[in-house]
Amino acid sequence: MRTHGRSKTARFPPARAGDRRTGAEYPAGVAGAAFFDLDRTLLSGASGPVYSDAMRDSGFTSRTLPGERLLYGLFNAIGETLPSMLLARQAAALAKGRPRAAMRAAGEAAAGTLAAKVQPFAWQLFAEHRAAGRPLVVATTTPYELVKPLGEWLGFDDVIATRYGVDADDTFDGTIVGPFVWATGKRAAVRDWAASAGVDLRQSYAYSDSVFDTPLLSAVGHPVVVNPDPSMVVMATLRRWPIVNLDVSPGVVKIPVLGVELQKVALQFARTELMPYARFDISGIDHIPAEGPAIIVGNHRSYFDPGAMALVVARSGRTVRFLGKKEVFDVPLVGQLSRAMGGIRVDRASGSNEPLQAAVSAIEGGELVGIMPQGTIPRGPAFFDPVLKGRWGAARLAQLTKAPVIPVGLWGTERVWPRSSRLPNVLNVADPPLVTVSVGPPVELKHRSLDADTKRVMAAISAQLPAEARRQHHPTSDELAATYPPGYHGEPGGEHERRPGVD
């Protein structure tokens, strides 16, 4: 099982209010389990604000504590601190005399809201552990009565949490029963649970963001660091523990501590003023959804197309998972950077379904996926064909996910970097060529025939191109020569029959 790979079993979108899940049936004598910390690990941030509001609404508390929101903001920014945990420990005393039923009601009311905050790529991780027969267990400092309903909502098998003592009248007595489930106390609670459940911790997984969970991570055979706080970055590096981010596709690199995608940083340099060798006319960016899944598709005319598409993505404020030919990913350094920024390697010759699964995974996580349906730059007479031809990948992905397909028309990029040149013409700053990039509205697809939907996709891209692109053009010998790669030895007359994407 890949600790942070993609699920090939059931897919689990973020839960919605009222959408209760039930845990899988697990065989007796399961060797290992998967333990998940709650805040900043399972959830994208702190659960505190949601629970605080729910406890006031249920009548468990009547007011907001001074500095409460500031404390939660600090927690979201840097993770757990000793003062925040000291306050959490004192919460048991503050609960004295209050009814347990009111806290349980608060937990029930908050469960749906918190389930929607589960990090998008955690669902696929749940599916992998379920497929392997491992029980899923929340392990958190949060009081048991609050977090138990969330565990049930998510279909987890159990919850390990701090338990408050109760009096005979079912009100809290101000004490903590058993360990305070934090730091070494969390490790002790997990060990007790594992012993009673017959689970081998050496075959178990534990996920956490906090350096204070080092004792627990050290106790399992498969520690995984998620969205680490600054101190945990150092600890994970020293101990060579894997670091994953469950809010982005597997393999995507984030800058430690800052929590910013490497691609996001790179896109800061995707600016027209940094490309003086071309003029740009970019329109229709508002057709790209500000959030949620979408597939952007563009025609392929030049090696400069990725640069033009980067301008589009940067202006949208999002990041993209682009499917690209294996030849790009096989280039030293370039390939590693492409993977780190979320690129999906496609080896057309292998016939592997893995790139499609990776793209589906990204879409299900609410991400933007990019595809050039032509697969490669057309050559010779095919380059000037007014009817664009594409492969089925975009239509297939849309059929599987029902994500909107956004067409992008690129024109003039070949004047910046023609197929015949090994390098772009970056010296032409006196009279730079015009590059037009037009983003259109979502394509209306039927999701029945891949061939028909592919034609619809290509027609939508064509509609975003200038009128001259849709007229028959008889190229000169020089224009034809510019469409062939350096050292081309193919048969120009056969390029029209070449399947799109085949080199």
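Residues numbered from 1 in each chain as written. Predicted model: local features only at pLDDT ≥ 70, side-chain atom pairs only at ≥ 80, totals over all residues. Heavy atoms only, no water.

Below, the discussion takes up unusual backbone geometry. Unusually for a residue other than glycine, Arg 40 sits at a positive phi of about 65°. You can see Arg 40 is positioned in helix H1 (residues 38-42). You will see that Asp 170, though not glycine, has its phi angle at about 65°, which is positive. Looking at the element boundaries, Asp 170 is found in the loop between strand S3 (158-166) and strand S4 (172-177). (Helix = DSSP H or I, 4+ residues; strand = E, 2+ residues; numbered from the N terminus.)

In this section: the pairing of strand S11 (residues 294-298). Counted residue by residue, S11 has five buried out of five residues, so it is predominantly covered. The alternating pattern of S11 places Ala 294, Ile 296 and Gly 298 on one face and Ile 295 and Val 297 on the opposite face, and all of these are buried. Across four bridges, the pairing between S11 and strand S14 (residues 368-371) is parallel. By the bridge assignment for S14, Val 297 is matched with Ile 371. In this structure, S11 lies alongside strand S15 (residues 405-411), joined through four bridges in parallel fashion. Bridge pairing in S15 links Val 297 to Pro 407. (Buried < 20%, exposed > 50% of the residue type's maximum accessible area, 1.4 Å probe, protein only. Pairing = 2+ DSSP bridges.)

Below, the discussion takes up the packing of helix H15 (residues 354-364) against helix H16 (residues 393-401). As a packed pair, H15 and H16 sit with axes 10 Å apart at the nearest point and diverge in direction by 45°. On the basis of the axis angle, H15 is oblique to H16. Here H15 and H16 pass one another in a crossing that is right-handed. Across the interface between the two elements, Leu 356, Ala 359, Val 360 and Ile 363 of H15 pack against Arg 396, Leu 397, Leu 400 and Thr 401 of H16. Residue classes in the contact of H15 with H16 are distributed as six nonpolar, one polar and one charged. (Axes fitted to C-alpha atoms, helices over the stretch in contact; angles between N-to-C directions. Parallel < 35°, antiparallel > 145°, perpendicular 65-115°, else oblique. Left-handed = near helix turned anticlockwise from the far one by under 90°. Contact = heavy atoms within 4.5 Å. Nonpolar A, V, L, I, M, F, W, Y, C, P; charged D, E, K, R; others polar.)

We now examine the nonpolar core. Core analysis: the biggest nonpolar cluster contains 43 residues, and Phe 36, Leu 42, Phe 126, Leu 154 and Phe 156 have the highest contact counts within it. The leading source of residues in this core is helix H5 (residues 100-115), at seven residues. Ala 308, Leu 368, Met 372 and Val 439 belong to the second-largest nonpolar core, a separate cluster that totals 28 residues. (Core = buried A, V, L, I, M, F, W, Y, C linked by side-chain atoms within 4.5 Å.)

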